[in-house]
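# Residue-level structure breakdown
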Amino acid sequence: MVAWILKKILGSKNQRELKRLMPTVRRINEFDEQFKGLSDEDLRAKTAAWKAELAEIPELEAQWRKLDEILPEAFAVVKNAARRLKDRQNSFTVCDQPMTWDMVHFEVQLLGGIVLHRGRIAEMATGEGKTLVATLPLYLNALTGCGAHLVTVNDYLARRDAEWMGQLYDFVGLTVGCIQHDQEPDVRREQYAMDITYGTNSEFGFDYLRDNGMATTREQQVQRGYHYAIVDEVDSILIDEARTPLIISGPATISTHQYDKWKPLIEQLVRKQNMLCNRIASEAIETFEKADADPANKAEFMAEGGLLMFRVKLGQPRNKQLLRMMEDPEKRRAIDKAELSFFQDTRKEELFALKEELFFTIDEKSNEADLSEQGRVFLNPDDPNAFVLPDLINEFTEIDLDPALSPEEKDKRKAERQQHCDAQAERIHNISQLLRAYCLFEKDVQYVIEENKVVIVDEFTGRKMPGRRWSDGLHQAVEAKEGVQIDRETQTLATITIQNYFRLYQRLAGMTGTAETEAAEFHDIYKLDVNMIPTNRPVARTDHNDRIYKTRREKYNSVINEIRDCHNKQQPVLVGTVSVEASELLSRMLKREKIPHNVLNAKFHMQEAEIVQRAGQPGTVTISTNMAGRGTDIKLGSGVPERGGLMVIGTERHEARRIDRQLRGRCARQGDPGSSRFYVSFEDDLMRNFGAADRMTRIMERFGLEEGQELEHRWLNKSVETAQKRVEQRNYLIRKRTLDFDDVMNMQREVVYTYRNETIDSEEPRKLIYEVIDEAVPAKVKEYLDVDEPNYAGVIHWVNTTFPLGLTKEKAQFETRTVEENTQFLIGKIKDAYERKSSHEEPTAVKSLERYIILNAIDRLWQEHLYAMDALREGVYLRGYAQKDPLIEYKTEAYDMFVDLMANIKNEVLNNLFRSTSNLQAFENFLATLPQFLLREHAPTAPTANAPARGRQLQPVGAMAAVGGDGDGEGEVTIDLPVRRSMPKVGRNEPCPCGSGKKYKNCCGRVA
Ligand SMILES: Nc1ncnc2c1ncn2[C@@H]1O[C@H](COP(=O)(O)OP(=O)(O)OP(=O)(O)O)[C@@H](O)[C@H]1O
Ligand SMILES: [Mg+2]
């Protein structure tokens, strides 16, 4: 009741909102009427005029106001242009397929356009023409010249839409670009420079990471700001994809993995476990047989058999015999009952004992693997404890309480224990990843092997995701399993969650056919509200009830029957599968039946456009993983509407309801006829793991299902939906968690990236250098002097090893001044010396050098920091066992680490200040100016700055230049600096290279 009322209010709120937009729609149409009389040129001229006008408005708010003001007229320009293209039957090619323009914006599409301009989500049913809707707000927002982005789910759609809508943009005088996976930076930059840019979320996200985390000059960056973006298929991108963050990784500096070492043993272990499970399963079958033979004791035997089978489930959830047992409702119930009984708290220990009978246990739902004592003994008979994490807290306490140990001894022992614990943790981690790789990851389902590489297949779209890797060593474990080259352990170089990338935009909008189920999440995380836009014409699709079978085999057989029926009456069919494996199985079955068909899956995505083009022709059968499930527009061939339009068959229910609705939405577009049906079996993963197993089993029993028979009722659709809702809920929590963790990172990333960009853009990088000196020097001085017993020697040592000041106790006279005065004294000296050093270099080169010194420090330490953060994140999970909230732990420690990071960056800048040069010659000249007593022979050391090979012209030199502080050079100072030996290159009577105008011997060359 409450829900119903709520819906009614919501519904009417939506209606009220839309109603308020109607006057604007009318105005658009009035302008459109007016514009009919204009010439093409006059229409186009409006674009340029607005652009010029908006360029004069720098202030953002004012710009938005202006856009709101011109919206009706601007939309009308686009609509009018669309009509002109249609009237002229403008022909072109899109993804190499011929096409003719046949669209003029409908009223509901204008409505959708307004919603999008306002930064909301427009929910418009599948096939309503969202591609065209987006042209309106994109045009309007691109007039600002700041770039408008359209983000979609795959390269095919990005290209299709850019080429297709490009006709319209071209007509009104805007440029359009499209980002594709294989483009080089130069090409990308051109695409981003266009007024409107289409691309996928991961390309946009990765470009952001490369621009902000890796590029070292403005010229290397490809993007130009985050102004306005429309996210097409917004639920897929902001919800499904948001579960895994985008990560750019590189080889780790240290690699600790031992997958190869453990692989043979794990293989044996898995084999042993499978044998064990098979044995238990056979025992269970015998027990069940006894139950049938002995009705008096039936209940007991059933319970016993159920228990045995549950053990199999713990150890090998995909055991064939187990799956077969599950088909039988009675046995299934016995197994479920055994499982349920262990959920009680009182039976925890029994469950533990049960698990101990196996070598390891696998939890399919949570994707986890856990070694048992037996397993540990098998892996290392001598020391099963090698796979148990030591109780560090206890050990530390014991060490602390030991009176025989000195404090140093205590620290040493603790460090040893810590190290030991880390090694154990690494080993346990490697093994559990290998077990997961063997027991939970299947080739051609979760991944495919291509060119000797493991390529992840996206579970939502069935598309390959080249370049993405499972984190945490799982990828390497799968590589070890498949015997392909194990990539070196990778380390995160840059990372961002999709959520945080999109938060960068000044205004974000979205559109999809299926936003409704996730409206709350859109609101909470992105502050995006959903407006539902009515369809242009009533939807004419028939959604049949699900057909439910006991086994996959029966299910597929019926699918084939239905395909044959459609094929016989020449009705086109689109068959959706959730995995590559399933699509290949169906394809084989169809071949046997001699039914011609096309297969579209991650392995053959090259011909995508062509296959889609044909999918609506009479009699065509197309099998596709979910990759054709979104955005794909299938046009009906002639005679097809009379035969019922396109038939969509889903061969499995997906985890999320939206995905199924999207598949259905491939048919009955724009008021066309069409129908859809889903096939489900009890063996499907969704049903096994999240299905209302008990209830289903009872229903199955009541109906007494025979081989090949199916269940079909609208109530059953509900059960399936309940299962889906459960998974959706769980996934929401995972996403929320990822985001909670990334929020911590996000703040840090913002600080670091802002600093980086400031450095790149700075015309006066010297200022930044001086800021570092102003901040880092006081901190250091304080450390030494602002204490009870000031350590003057310490400061002098630090100063002399960091800067070439040649300071002595006598010269410094620290004792005579306050801490503050000493600080200012040192800052002054350092800056002086720095000015002198730079005076020998070419001014622009010096600027690059300064930027480089800062960037280099940021990048090196930030990457180290990311590595440490990864480790921290893994580590805090272990603490979850110690009754602590991992997130809070993570936040606190991450903060401390970040404070350290910023301090370290500054210190590193100071350290490199006098150890780098833009040009060796200048450096030598400069060295030559130094008082000789400051120079000592030293072989040049390896570059301190580990410059990545990005073709920089700057050379860090190993030695530090020493600048004689006062040039008066009295006395016996020796400084402990590795200095590159250099002979004066300048004649004593020549002008000084510092540019002072004096003779060298009277200036920098004044040797004591
Ligand atoms: N105003 C229009 N007049 C005529 N045809 C139109 C119009 N708008 C869209 N169409 C047609 O409707 C079909 C579907 O368009 P489109 O693929 O943009 O839909 P969509 O809303 O993006 O669907 P999906 O949710 O599946 O991505 C296309 O064939 C397109 O040509
Ligand atoms: Mg679309």
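The following paragraphs examine the structure supplied in this document. (Residues numbered from 1 in each chain as written. Chains lettered and ligands numbered in written order. Predicted model: local features only at pLDDT ≥ 70, side-chain atom pairs only at ≥ 80, totals over all residues. Heavy atoms only, no water.)

### Details of the overall build of the protein chain
Test applied: Helix and strand definitions follow DSSP, with helices as H or I runs of at least four residues and strands as E runs of at least two, each counted in order from the N terminus. Residue exposure (1.4 Å probe, protein chains only): buried if accessible area is under 20% of the type maximum, exposed if over 50%, otherwise partly exposed. Note on areas: Shrake-Rupley, 1.4 Å probe, and residue coverage restricted to the protein chains presented here.
Counting secondary structure elements, the protein chain contains 34 helices and 24 strands. Expressed as a percentage of its 1008 residues, the buried residues of the protein chain come to 54%. Of the roughly 45500 Å² of accessible surface on the protein chain, a fraction of 50% belongs to carbon and sulfur atoms.

### Concerning the site of ligand 1
The test is simple: In this text, near means that some heavy atom of the residue lies within 4 Å of the molecule or strand in question. Polar contacts, as counted here, are pairs of nitrogen or oxygen atoms within 3.5 Å of one another; within protein the pair requires one atom able to donate a hydrogen and one able to accept it, and residues that are adjacent in sequence qualify only if both atoms are side-chain atoms. Gly is placed with the polar residues, together with every amino acid not listed as nonpolar (Ala, Val, Leu, Ile, Met, Phe, Trp, Tyr, Cys and Pro) or charged (Asp, Glu, Lys and Arg).
In the vicinity of ligand 1, 21 residues are found, and the nearest of them are Lys-130, Thr-131, Asp-633, Arg-666 and Arg-669. One nitrogen or oxygen atom from the side chain of Arg-666 is found 2.6 Å from an oxygen atom belonging to ligand 1. Protein contacts shield 93% of the accessible area of ligand 1, which totals 640 Å² for the unbound molecule. Of the residues forming the shell around ligand 1, the biggest block, three residues, is contributed by helix H5 (residues 130-142). Of the residues contributing to the shell around ligand 1, the split by class is six nonpolar, seven polar and eight charged.

### A word on the sheet that holds strand E4 (residues 148-152)
How we decide: Only strands joined by at least two bridges in the DSSP assignment are considered to pair. All axes are obtained by fitting lines to C-alpha atoms, using only the stretch in contact for helices, and the reported angles, taken between N-to-C directions, cover 0 to 180 degrees.
Pairing is parallel across the open sheet formed by seven strands, whose spatial order is E5-E6-E4-E7-E14-E3-E15. Strand pairing shows two members of the sheet lacking a second neighbour, strand E5 (176-178) and strand E15 (530-532), which therefore form its edges. For this sheet, the mean inter-axis angle between neighbouring strands, taken without regard to orientation, is 20°. As defined by bridge partners, strand E7 (residues 228-232) adjoins strand E14 (residues 507-512) across five bridges and the pair is classed as parallel. Residue pairing across strands places Val-231 opposite Gly-510, the latter belonging to E14.

### Remarks on empty space enclosed by the protein
Here is the rule we go by: Site definitions follow a grid-based scheme: protein atoms alone, a 1 Å grid, a 1.4 Å probe that fits but cannot get out for cavities, and for pockets an open set with protein on both sides within 12 Å along at least five of seven lines, plus lining residues having an atom within 4 Å of a point. Grid points are joined across faces, edges and corners, and a volume is the space filled by probe spheres set on the points.
One pass over the structure, following the stated rule, counts six cavities of 30 Å³ or more. Counted as a void, the largest cavity has a volume near 60 Å³. If you trace the largest cavity, you find it lined by Ser-236, Asp-240, Phe-460, Thr-461, Asn-626, Gly-629, Arg-630, Ile-659, Gln-662 and Leu-663. Of all elements in the fold, only helix H9 (234-240) and helix H24 (657-664) reach the threshold of two or more residues within the lining of the largest cavity.

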